[in-house]
Amino acid sequence: MKSKLVKKEIIHSDNIFSPSIDKVGVEERVARFQSRSIKNESKLQGLKIALNMIDLTTLEGKDTPGKVKQMCYKALHLHDVHPNLPSVAAVCVYPSMVRIAKNEVRGTTVKVASVSTAFPSGQAPLDVKIRDTQFALDEGADEIDMVISRGKFLSGEYNFVFDEIAKIKETCGKARLKVILETGELTTLDNVRKASDIAIYAGADFIKTSTGKIQPAATMQVTYTMLMAIKDYYDKTGIMIGMKPAGGISTSKLALHNLVMVKEILGNAWLTNEWFRFGASSLANDILMQIMKMETGVYQSSDYFSID
Amino acid sequence: MSRLEILKTYKIYIGGQFPRTESGRFYSPLDKKGKPLGNICLSSRKDVRNAIVAARKAFGSWSERAAFNRGQILYRIAEMLEGRKEQFISELIQQGSTKKNAEEEVNLSIDRIVYYAGWCDKYQQVLSSVNPVASSHFNFSVLEPTGVVGILAPQNTSLIGLVSIMLPVICGGNTCVVIASENLPLCAVTFAEVLNSSDVPGGVVNILTGTNKELNETLSTHMDVNAIVYGGDDLEALKQIQENAVLNVKRVFSYSKDWSKADSQDLYMISDTQEIKTTWHPIENIGGSSSSY
């Protein structure tokens, strides 16, 4: 009986597949990313890059067409007082709001991302998830943010999770697929790494930390672990995978720390919104306030910026 | 056996916490005999910024708190100060007061806090009004706190000046960032300890120590400060503050009173940091014979 168990552990594919994570080591390395001194000029450039990487997000039960239109307007007019600002990368909405958002941003560089697959819980049968995704695509979504089935993942049904992602990827066709791991529910960094690998091998174009509904969300430790999975995959195959930390990144300081981390792990190629995104709603204003502070020399007040 | 005297390190007060200045700097003002008073934080621009963020965060709930409850809390400050009288007296003596003057100053400070505590739930009734208008509107004006107020405490007193210009500000539901007297900072920091152990929520009052010259600029240019109360007597500095205040049309008030006089307290110091909101409410006659109210 005992030998059987041991054997099972050894052949258990995921134990061979994903390396285990040294939590203390991760924490130490992450702490070092936060102590880089960034000169003012680089900081300003970094802030503008970060601004351009934001997926401006509204995912609430109380979303209305008016709210979505307002957010799209903000995506295109971040702070009109300042003439040389980039726009954000995308707006991120529920499938029911995709058409409205698409009409607002048509003809601009801003993309429309839609969450799908019974976001945020992911508790629905596969055919519902596929229809959910197909609906979002038909409405005009450029990108799909799907959630994985965390319940299945935690009960060890990795094949189920893998197949589901692959199926949704198939549905997406050319639209880019971001796979949300909801790391707050995965509890350990080992699980985060495992889920990252599953998502990447199943066809994700992007891996994303969280839905924003569960705390903790995009901690530096989690993002680091996922970036390492991307790096390992790139080293092995030469294929780039995107990264999107989402939830909890609300200050420009934290955004800059993330950029430092991406640069040092993955390199400059990832420092564009094609390969790195921030899922956030209040980050944009904080970055704008920082940029204005740097250019005017005085600390800013939220009174003079748009309401999130 | 003789023992080594412990020179107290006075910390600053931001958002209900007592951090050291983020800059790590300090200064040691001297007493009359040339002995250092203590190690005092030399706050930086970043500390000012942090304090303003804390004050803004605290503003919502402090301004919306029931006026009566604000009064209770202010009264509690007086109670706590009464309990720590001896410490304040000895600090004042350390900073050059005579024993008699020190006792008077502390007593007067306590009385002044009680005075403003009493006004908390009364200034609104006294200062707001129902206005006669030539249309069928119920027209009334009420006071609302200005917001985050930057306070530059008087330089020549350690306690009474600070209390006298700070209390009317928080009495009216504002939150504040105070820059303490540069050369007489001891009581300001100890007063922060009093505030912290009374029921004043963190962030309502933030107290920094350091040089006015360095901190005035950041405080008066910051776009999230709505008013500045200046208690110093440097007209050049005041001019600079007024110019900086233009950026976001801050209100600037300058007081040069003898704070040790019992009558250097009044209702209008509360109304200075208040805005007046006038509402036109469509309604029939008010107060006429046909009024049904």
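The structure this text deals with has already been given above.
Caption draft 1: Structural view of the overall build of chain B. Within chain B one finds ten helices and eleven strands. By principal-axis analysis of the C-alpha atoms, chain B measures approximately 90 × 40 × 30 Å. Per-residue burial over chain B gives 51% buried out of 293 residues. For chain B, restricting intrachain contacts to residue pairs at least 6 apart in sequence, the fraction spanning at least 24 positions comes to 76%. If you sum the accessible surface of chain B, you get close to 13,600 Å²; carbon and sulfur atoms cover 53% of it. Separation between the mean location of the 29 positive side-chain charges and that of the 31 negative ones in chain B comes to 5 Å.

Caption draft 2: Highlighting the sheet that holds strand β1 (residues 54-57) of chain A. Residues and elements named next belong to chain A. Strand order in this open sheet of eight strands is β7-β6-β5-β4-β3-β2-β1-β8, and the pairing throughout is parallel. Looking at strand neighbours, the two that pair on one side only are β7 (242-244) and β8 (278-280), the edges of this open sheet. Neighbour-to-neighbour, the strand axes of the sheet open up by a mean angle of 25 degrees, direction not taken into account. One ladder, built from three bridges, connects strand β6 (residues 206-208) with β7; its direction is parallel. Counterpart to lysine 208 in the pairing with β7 is lysine 244. Its contacts with the sheet put helix α6 (residues 98-105) on β2 (90-93) and β3 (111-116), and the angle it makes with β3 is roughly 170 degrees.

Caption draft 3: Representation of the interface of chain A and chain B in the model. Contact with chain A, which involves six residues of that partner, is made by ten residues of chain B. Considering only the surface of chain A that becomes buried against chain B, Val298, Tyr299 and Tyr304 of chain A emerge as the three largest contributors, covering 68% of it. Our count for the chain A to chain B interface comes out at zero salt bridges. At the boundary of chain A and chain B, one finds two residue pairs in polar contact (both at pLDDT 80 or more). Split by residue class, the side of chain A that touches chain B holds three nonpolar, three polar and no charged.

Caption draft 4: How the structure looks around the layout of surface pockets. The space that makes up the largest pocket amounts to roughly 1,200 Å³. Taken together, 33 residues line the largest pocket, and the ones lying closest to its centre are Lys43, Gln290 and Tyr299 of chain A together with Lys46 and Arg49 of chain B. If you list the elements that add at least two residues to the lining of the largest pocket, you get α4 (40-52), α12 (252-266) and α13 (283-296) of chain A together with α1 (45-64) of chain B. If you tally residues by element for the lining of the largest pocket, the top one is α1 of chain B, at seven residues. Its residues assigned to classes, the lining of the largest pocket shows seven nonpolar, 13 polar and 13 charged. The volume enclosed by the second largest pocket comes to roughly 590 Å³. Lining the second largest pocket are 32 residues, with Thr57, Thr58, Ala280, Ser281 and Ser282 of chain A positioned closest to its centre. For the lining of the second largest pocket, the elements supplying multiple residues, two or more each, are β1, α5 (65-76) and β8 of chain A. Per-element tally for the lining of the second largest pocket: the top contributor is α5 of chain A, with five residues.

Caption draft 5: Up close: the packing of helix α8 (residues 212-221) of chain B against helix α9 (residues 235-245) of chain B. Residue and element names in this part refer to chain B. The N-to-C vectors of α8 and α9 enclose an angle of 25 degrees; their axes lie 8 Å apart at closest approach. Relative to α9, α8 is oriented roughly parallel. Of the two elements, α8 crosses α9, and the hand of that crossing is right-handed. Between α8, through Asn216, Glu217, Ser220 and Thr221, and α9, the contact on the second element is made entirely by Ala237, Gln240, Ile241, Asn244 and Ala245. When its residues are assigned to classes, the contact of α8 with α9 shows three nonpolar, five polar and one charged.

Caption draft 6: Structural context of the packing of helix α7 (residues 126-139) of chain A against helix α9 (residues 158-172) of chain A. Residues and elements named next belong to chain A. In the contact formed by α7 and α9, the axes pass within 10 Å of each other and the chain directions differ by 30 degrees. Here α7 is positioned roughly parallel relative to α9, judged by the angle of their axes. Considering only the axes of α7 and α9, their crossing is right-handed. Residues Leu126, Lys129, Ile130, Thr133, Gln134 and Leu137 of α7 touch α9, and the partners they reach there are Glu164, Lys167, Ile168, Thr171 and Cys172. Residue classes in the contact of α7 with α9 are distributed as five nonpolar, three polar and three charged.

Calculation notes
Residues numbered from 1 in each chain as written. Chains lettered and ligands numbered in written order. Predicted model: local features only at pLDDT ≥ 70, side-chain atom pairs only at ≥ 80, totals over all residues. Heavy atoms only, no water. Helix = DSSP H or I, 4+ residues; strand = E, 2+ residues; numbered from the N terminus. Buried < 20%, exposed > 50% of the residue type's maximum accessible area, 1.4 Å probe, protein only. Contact = heavy atoms within 4.5 Å. Areas by Shrake-Rupley, 256 points an atom, 1.4 Å probe, with all protein chains shown as cover. Lys, Arg positive; Asp, Glu negative; His and termini not counted. Charge placed at Lys NZ, Arg CZ, Asp CG, Glu CD. Pairing = 2+ DSSP bridges. Axes fitted to C-alpha atoms, helices over the stretch in contact; angles between N-to-C directions. Buried area = accessible area lost by both parts, 1.4 Å probe. Salt bridge = Lys/Arg side-chain N within 4 Å of Asp/Glu carboxyl O. Polar contact = N/O pair within 3.5 Å; in protein donor to acceptor, adjacent residues only side chain to side chain. Nonpolar A, V, L, I, M, F, W, Y, C, P; charged D, E, K, R; others polar. 1 Å grid on protein atoms, 1.4 Å probe; cavity = no way out; pocket = protein on both sides within 12 Å on 5 of 7 lines; lining within 4 Å. Points joined across faces, edges and corners; volume = space filled by probe spheres on them. Parallel < 35°, antiparallel > 145°, perpendicular 65-115°, else oblique. Left-handed = near helix turned anticlockwise from the far one by under 90°.

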